[in-house]
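The chain contents come next:
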Amino acid sequence: MTTVGLKLLILFVFGISKADFKSSSRPNIIIIIADDLGWNDVSFHGSLQIPTPNLDALAYSGIILNRHYTPPLCTPSRASLMTGKHPINIGMQHHVIESDQPWGLGLDQKLMPQYFREAGYRTRLVGKWHLGFFQKAYTPTQRGFESHFGYVGPYIDYWDHSLQMSNSSTRGIDIRRDLEVDYTVNGTYATDLFNSEAVRIVRDHNRTDPLFLVLTHLAPHTGNEDNPLQAPDEEIQRFSYIKNENRRVLAAMISKMDEGIGEIVRTLKQRNMLENTIILFFSDNGAPSVGTHANSGSNYPLRGQKYSPWEGAVRTPAFIWSPLLGREGRISDQWFHTSDWLPTLARVAGIENIPSGSVIDGQEQWQALLNPNQHVRNVILNNIDRIHHYSSYIKDGWKYINGTSWDGKYDHWLGIVGTDDSVSEEEYWTRLQNSTVAQVLSLDVEPLKELRDNATVNCEARPSDVACDPLKSPCIFNLIEDPCERNNTAADHPHIVQKLGQEVQQYFETAMEPRNKPSDPRSDPLYYNVTWTWWQDEHDQSSGYAVPVTIVAICIAAGIILVVYTKRKLCPVKES
């Protein structure tokens with residue numbers, strides 16, 4: 001560890017004062033978020049089908065967060081990260097923001113980049129936003145980020161960066177540098193674009209200022225419905241051993257993300273920034289194995305998938321890496337929620353006055369990361385959705401589920417992956433040893449095998465397991481003994497069912513109404529040069545639709561024809 005790293009570690013252990021962080025020794029903070037990445041789609045949780053060697057090297061030399069929870073969908077997850085609050089307390093708990101819907105994360109909320117920018121950090125966002133853009137005031141550079149390169153909606157095509165809503169709206173471009181559409185990057189693979197932009201930011205960063213960089217990848221979320229899974233052909237060929245075609249492309253999508261993260265770490269090392277950097281990685285929610293925007297991802301052996309009350313939706317792959325964390329290479333079984341990262345990282349940066357709310361909102365956990373025996377959180381509210389009529393709640397290791405989403409379509413164990421189309425153990429460790437991150441960190445892989453085993457969840461069905469139908473009655477599971485939610489013990493513990501149900505009802509009564517709004521036809525990209533934009537601002541400025549010239553011409557022509565036709569009918573010309 002460098003002198004700077006040792007100094008910071010001492011400060012974290014023995015106390016931090018605001019004055020201690022007025023120098024440039026404040027750590028750089030890099031948050032990397034994957035989109036719809038499944039528990040079983042990274043190899044540090046035991047999978048041999050999709051090797052993620054750079055992610056694994058960081059995870060093994062940092063802290064694997066084995067109980068890291070997010071909301072079950074991406075808009076609520078990102079809102080929780082940015083505010084440090086639970087989605088039900090800010091009206092962001094139901095569904096996601098569709099690009100034609102006029103709503104977003106409330107402007108009354110102070111966001112993570114605003115706190116860090118006020119503290120002297122350079123705040124950068126690369127990739128996805130998805131917290132609203134119907135008005136310019138809701139976009140990233142108006143909410144604390146100095147710069148943004150990426151897209152503001154839910155997803156885009158990986159190559160032409162367009163979004164086609166499933167309804168009748170026009171296919172429009174959604175890729176911008178700050179507030180301007182960037183047409184120059186058309187044809188460049190989105191994952192490469194975002195990784196390269198993050199590398200550029202690190203390379204050009206003035207090290208006298210601390211860096212706050214959020215990289216929110218498109219991968220491995222699907223693109224548009226007409227071509228959902230996309231990756232370069234040469235990358236797909238590297239996974240020819242995977243028999244399922246869709247899963248083969250998914251592996252390539254994840255691999256491109258992993259490769260770029262290795263380059264970011266290499267650049268941090270070259271800039272002498274790595275020893276004073278914190279890297280946090282997690283997926284915004286579980287993978288959708290089937291159904292809407294299915295990417296063939298796998299959360300197995302966890303139950304369920306994205307947009308459900310089960311562990312496969314909310315328990316996500318995650319780790320935190322930094323020399324400031326002291327002892328390398330361990331697994332944390334402490335309970336973490338997405339909302340915890342604002343107060344936790346603010347603590348490291350010496351930022352004070354982060355507001356605290358109820359026990360379901362963000363808890364500061366930096367000291368807990370330093371001390372694995374310290375437990376801060378014992379409650380995880382996965383969601384209360386009054387529109388889909390379900391609740392999912394964890395307290396002291398007991399999980400309560402009442403109701404479910406989509407009539408139970410996602411209530412099973414999905415995404416089961418075979419073992420006959422995976423790489424060998426030997427090949428896996430070779431790839432890990434040769435990875436960019438392992439080389440940068442001079443990582444010895446031999447001691448890591450036991451660590452990987454301990455990060456793997458194993459639970460097979462037993463004859464004595466009791467089924468759960470949450471549409472008929474509430475279920476409870478002991479997640480410590482039964483992480484795969486196979487044994488419903490509600491009949492054995494009616495008092496726990498009652499107690500947890502009462503607590504959920506209390507949260508329900510204090511929850512904000514969901515902010516969701518229906519689609520607005522004025523959002524159609526056809527009116528704005530075939531781009532997605534802040535249509536309410538554009539509409540207000542033009543006092544009407546920004547109707548394309550072609551439509552105007554058609555309407556005028558139709559009017560002329562109608563007038564001529566009507567005149568001929570009303571005033572027929574007499575024949576001579």
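Small disclaimer: the values here were computed from a predicted structure and weren't measured.

Draft legend 1. Structural view of the overall build of the chain. For the chain, the count of helices and strands is 16 helices and 18 strands. Within the chain, the proportion of its 576 residues that are buried is 60%. Taking contacts inside the chain between residues at least 6 apart in sequence as the whole, the part at least 24 apart equals 73%. When the accessible surface of the chain is split by element, carbon and sulfur atoms take 51% of a total near 23000 Å².

Draft legend 2. Broad picture of the pattern of salt bridges. Within the structure shown, the criterion is met by 30 salt bridges. A salt bridge links E197 to R177; its shortest N-O distance comes to 3.0 Å. Taken as a pair, E197 in helix α5 (residues 190-204) and R177 in strand β8 (residues 176-177) lie far apart in primary sequence, 20 residues in all. Note that K256 and D192 form a salt bridge whose closest N and O atoms lie 3.3 Å from each other. Linking K256 in helix α7 (residues 245-270) with D192 in helix α5, this pair joins segments that are 64 residues apart in sequence. Three or more residues are tied together by salt bridges with common partners; here these are R177, E197, R200, R203 and D204.

Draft legend 3. Expanded view of the environment of L81. Along the chain, the position of L81 falls in helix α3 (residues 74-83). Here the alpha-carbon distance between L81 and S339, two residues 258 residues apart in the chain, equals 5.1 Å. Not counting the four nearest positions on each side in its chain, L81 is found in contact with I33, M112, F282, T338, W341 and L342.

Draft legend 4. Just the state of the cysteines, in detail. On inspection of all chains with the given rule, the structure shows two disulfides. In this model C459 forms its disulfide with C484; the gap between the sulfur atoms is 1.7 Å. In this pair, C459 sits in the loop between α13 (449-454) and β18 (475-478) while C484 sits in the loop between β18 and α14 (494-510), placing the two residues 25 residues apart along the sequence. There is no split in this pair, since C459 and C484 are both buried.

Draft legend 5. Main features of the sheet that holds strand β16 (residues 390-395). Here four strands make up an open sheet; going across it, the order is β15-β16-β17-β18 and the pairing antiparallel. Where the open sheet ends on each side, the last strands, each with one partner, are β15 (379-385) and β18. With direction set aside, neighbouring strand axes in the sheet form an average angle of 10°. By the bridge criterion, six bridges tie β15 to β16 in an arrangement that is antiparallel. Of the residues in β16, the one forming a bridge with V379 is K395. With respect to the sheet, α14 is in contact with β15, β16, β17 (398-402) and β18, its orientation differing from that of β16 by roughly 115°.

Draft legend 6. Main features of α7. The terminal C-alpha atoms of α7 lie 38 Å apart, and with 26 residues this matches the ideal 38 Å at 1.5 Å per residue to within 8%. Just downstream of α7, N272 is the residue with a positive phi angle, here 55°.

Draft legend 7. Region of the structure containing empty space enclosed by the protein. This model, assessed by the stated rule, comprises two cavities of 30 Å³ or more. If you add up the space inside the largest cavity, you get close to 60 Å³. Lining the largest cavity are I33, R78, L81, M82, L125, K128, W129, L131 and T216. Elements represented by at least two residues in the lining of the largest cavity include exactly α3 and β4 (122-128). Looking at the lining of the largest cavity element by element, the count peaks at three residues for α3. A breakdown of the residues in the lining of the largest cavity according to their chemical character gives six nonpolar, one polar and two charged. For the second largest cavity, the calculated volume is near 30 Å³. Forming the boundary of the second largest cavity are T139, P140, T141, H148, V152, R176, D178, L179 and W534. Residues belonging to the lining of the second largest cavity are distributed by class as follows: four nonpolar, three polar and two charged.

Draft legend 8. The pairing of β15, seen in detail. Burial analysis of β15 places seven of its seven residues in the buried class, which makes it a mostly covered element. Counted between consecutive antiparallel strands, the loop separating β15 from β16 contains four residues, among which H389 sits at a positive phi close to 60°.

Draft legend 9. Just the confidence of the model for the chain, in detail. When pLDDT is averaged along the chain, the result is 90; 89% of the residues meet or exceed 70. Under a pLDDT of 50 for its full length, residues 549-576 has, in the predicted model, three contacts with residues more than four places off or in other chains.

Draft legend 10. Region of the structure containing the packing of aromatic side chains. A full pass over the atoms with the stated rule returns 22 aromatic pairs. Between Y158 and Y189, the ring centres sit 5.2 Å apart and the planes meet at 25°, which makes this aromatic pair stacked. With Y158 in the loop between β5 (147-151) and β6 (162-163) and Y189 in the loop between β9 (180-181) and α5, this pair connects stretches of sequence that are 31 residues apart. With relative accessibility at 0%, the residue Y158 sits in the buried group. We classify Y189 as buried; its relative accessible area is 2%. An angle of 85° between the planes, with centres 6.1 Å apart, marks the rings of Y527 and Y528 as edge-to-face. Three or more aromatic residues joined by ring pairs form one cluster here, namely F116, Y121, W129, F145 and F212. Across from the ring centre of W310, 3.9 Å away, lies the NZ or CZ of R303, which sits over that ring. Across the ring face of Y428, the terminal group of R452 is positioned such that the distance to the ring centre comes to 4.3 Å.

Draft legend 11. Structural detail: the packing of helix α2 (residues 53-60) against α7. Where α2 meets α7, the closest approach of the two axes is 7 Å, and the angle between their N-to-C directions is 55°. On the basis of their axis angle, the class for α2 and α7 is oblique. Contacts between α2 and α7 pair P53, N54, L55 and L58 from the former with D258, E259, I261, G262 and V265 from the latter. For the contact of α2 with α7, the class distribution of residues is five nonpolar, two polar and two charged.

Draft legend 12. Region of the structure containing the environment of G418. Structurally, the position occupied by G418 is in the loop between β17 and α11 (425-433). Judged by relative accessible area, which is 36%, G418 ranks as partly exposed. Through-space distance from the C-alpha of G418 to that of Q49 is 8.5 Å; in sequence the pair is 369 residues apart.

Reading the values: the criteria
Residues numbered from 1 in each chain as written. Predicted model: local features only at pLDDT ≥ 70, side-chain atom pairs only at ≥ 80, totals over all residues. Heavy atoms only, no water. Helix = DSSP H or I, 4+ residues; strand = E, 2+ residues; numbered from the N terminus. Buried < 20%, exposed > 50% of the residue type's maximum accessible area, 1.4 Å probe, protein only. Contact = heavy atoms within 4.5 Å. Areas by Shrake-Rupley, 256 points an atom, 1.4 Å probe, with all protein chains shown as cover. Salt bridge = Lys/Arg side-chain N within 4 Å of Asp/Glu carboxyl O. Disulfide = S-S within 2.5 Å. Pairing = 2+ DSSP bridges. Axes fitted to C-alpha atoms, helices over the stretch in contact; angles between N-to-C directions. Expected span 1.5 Å × (residues − 1). 1 Å grid on protein atoms, 1.4 Å probe; cavity = no way out; pocket = protein on both sides within 12 Å on 5 of 7 lines; lining within 4 Å. Points joined across faces, edges and corners; volume = space filled by probe spheres on them. Nonpolar A, V, L, I, M, F, W, Y, C, P; charged D, E, K, R; others polar. pLDDT = per-residue confidence, 0-100. Phe/Tyr/Trp six-rings, centres within 6.5 Å; stacked < 30°, edge-to-face > 60°. Lys NZ or Arg CZ within 6 Å of the ring centre and 35° of its normal. Parallel < 35°, antiparallel > 145°, perpendicular 65-115°, else oblique.

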